[in-house]
Amino acid sequence: MAEQTHVLFVEDDDVIREATQLALERDGFVVTAMPDGLSGLEAFRANQPDIALLDVMVPGLDGVSLCRRIRDESTVPVIMLSARADSIDVVLGLEAGADDYVTKPFDGAVLVARIRAVLRRFGHAGGHGSAAPASGEEAGADGGVLHFGDLEIDTEGMEVRKDGTTVALTPTEMRLLLEFSSAPGTVLSRDKLLERVWDYGWGGDTRVVDVHVQRLRTKVGQDRIETVRGFGYKLKA
């Protein structure tokens, strides 16, 4: 997979940009590295990369704004790079449509592992084994289509409709919804969702889950996914 993967990397620090590009290329990735957001947007449109790594603080067009522009045009996976784990920029990046983030300074092996984890779930957005059709009268399946009130989830065509209108979801949002729909009414912890959706075999930041749940709620209905305080989330059957 790595030999065929084209990475767009936007970073204004020359040393970090060059060192990271070399490290990624040694792992078999093809890398287009840009020093600012505007050139990064141009490179994205010209090259159609498989994944984008965006530093939050880049000149011209900051990483969060660049992520928003990319998300307006594509569902390509985006990983934000932030210098501070507790920065509000992390949440802003996720709200803009990023799928994950990595804190700087980062280890090259960790970055590669996160890239591959994102690519794995994007390559199998509908293929998670736990996303089996639900049973039950209200959450019934009809030819691979799950029904939850006014919400329809086509698990074969990978489409979601609300009140008959198609809802545009990113692959990460789709995987998250499939996890919920595989066990409606069952509480799924943030750690469990990190493991199943984000493919984390290690501990991760649960803010990633919280922000994606909020984004999903705005698309499928605020009351469709319930918060169970102290435990996690569940899909209302």
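Since the structure is predicted, the reported quantities are computational estimates derived from the model, not experimental observations.

Draft legend 1. Examining the overall build of the chain more closely. From N to C terminus, the chain includes eight helices and 12 strands. The proportion of buried residues among the 237 residues of the chain is 49%. Sequence-distant contacts in the chain: of pairs separated by 6 or more residues, those separated by 24 or more amount to 59%. Working note: accessible area of the chain is about 10500 Å², and carbon and sulfur atoms make up 49% of it.

Draft legend 2. Spotlight on the pattern of salt bridges. Per the counting criterion, the structure on display carries 19 salt bridges. One salt bridge in this structure joins R116 and D27, with 3.8 Å as the shortest N-O distance. Taken together, the residues span a long stretch of sequence, with R116 in helix α5 (residues 108-123) and D27 in the loop between α1 (14-26) and β2 (30-34) at a distance of 89 residues. Exposure remark for D27: the relative accessible area of 33% places this residue in the partly exposed category. D100 is paired through a salt bridge with R114; the nearest N and O atoms lie 3.2 Å apart. Taken together, the residues span a long stretch of sequence, with D100 in strand β5 (residues 100-103) and R114 in helix α5 at a distance of 14 residues. On the accessibility criterion, R114 (13% relative accessible area) is buried. The network of salt bridges with shared partners includes D150, K162, D163 and R224.

Draft legend 3. Fine view of the sheet that holds strand β4 (residues 78-82). Strand order across the open sheet formed by five strands is β2-β1-β3-β4-β5, with parallel pairing between neighbours. Looking along the sheet, the strands with just one partner apiece sit at the ends: β2 and β5. For this sheet the average axis-to-axis angle between neighbouring strands, irrespective of direction, equals 20°. Where strand β1 (residues 6-10) and β2 come together, five bridges link them in parallel fashion. Paired with H6 across the two strands is V30, which belongs to β2. Packed on one face of the sheet, helix α2 (residues 37-47) meets β1 and β2 and runs near 165° to β1.

Draft legend 4. Structural context of the environment of F106. Note on placement: F106 falls in the loop between β5 and α5. Taking the C-alpha atoms as reference, F106 lies 9.8 Å from T20; in sequence the two are 86 residues apart. F106 has contacts with T20, L81 and L111, leaving out every residue within four places of it along the chain.

Draft legend 5. Broad picture of the pairing of strand β8 (residues 151-154). Pairing between strand β7 (residues 145-148) and β8: four bridges, direction antiparallel. Each residue of the ladder has a partner; that of F148, found in β8, is L151. The antiparallel pairing of β7 with β8 creates a hairpin that spans two residues between the two strands, and G149 there sits at a positive phi of about 65°. Of the strand pairs in this sheet, β8 and strand β9 (residues 159-162) are connected by four bridges, and their pairing is antiparallel.

Draft legend 6. Broad picture of the side chain of T20. Tracing the backbone shows T20 in helix α1. Classification of T20 by relative accessible area gives buried; the value is 8%. In terms of polar contacts, T20 uses its side chain to reach the backbone carbonyl oxygen of I16, at 2.8 Å. Sequence-distant contacts of T20, that is, excluding residues within four places in its chain, are made with F9, F106 and L111.

Draft legend 7. Structural detail: unusual backbone geometry. For the peptide bond that leads from K104 to P105, omega is -5°, which places it in the cis range. Within the fold, P105 resides in the loop between β5 and α5. Positive phi is not limited to glycine here, since M158 has a value of about 55°. Mapping M158 onto the fold places it in the loop between β8 and β9. A positive phi angle, near 55°, is found at D163, a position not held by glycine. Note on placement: D163 falls in the loop between β9 and β10 (165-167).

Calculation notes
Residues numbered from 1 in each chain as written. Predicted model: local features only at pLDDT ≥ 70, side-chain atom pairs only at ≥ 80, totals over all residues. Heavy atoms only, no water. Helix = DSSP H or I, 4+ residues; strand = E, 2+ residues; numbered from the N terminus. Buried < 20%, exposed > 50% of the residue type's maximum accessible area, 1.4 Å probe, protein only. Contact = heavy atoms within 4.5 Å. Areas by Shrake-Rupley, 256 points an atom, 1.4 Å probe, with all protein chains shown as cover. Salt bridge = Lys/Arg side-chain N within 4 Å of Asp/Glu carboxyl O. Pairing = 2+ DSSP bridges. Axes fitted to C-alpha atoms, helices over the stretch in contact; angles between N-to-C directions. Polar contact = N/O pair within 3.5 Å; in protein donor to acceptor, adjacent residues only side chain to side chain.

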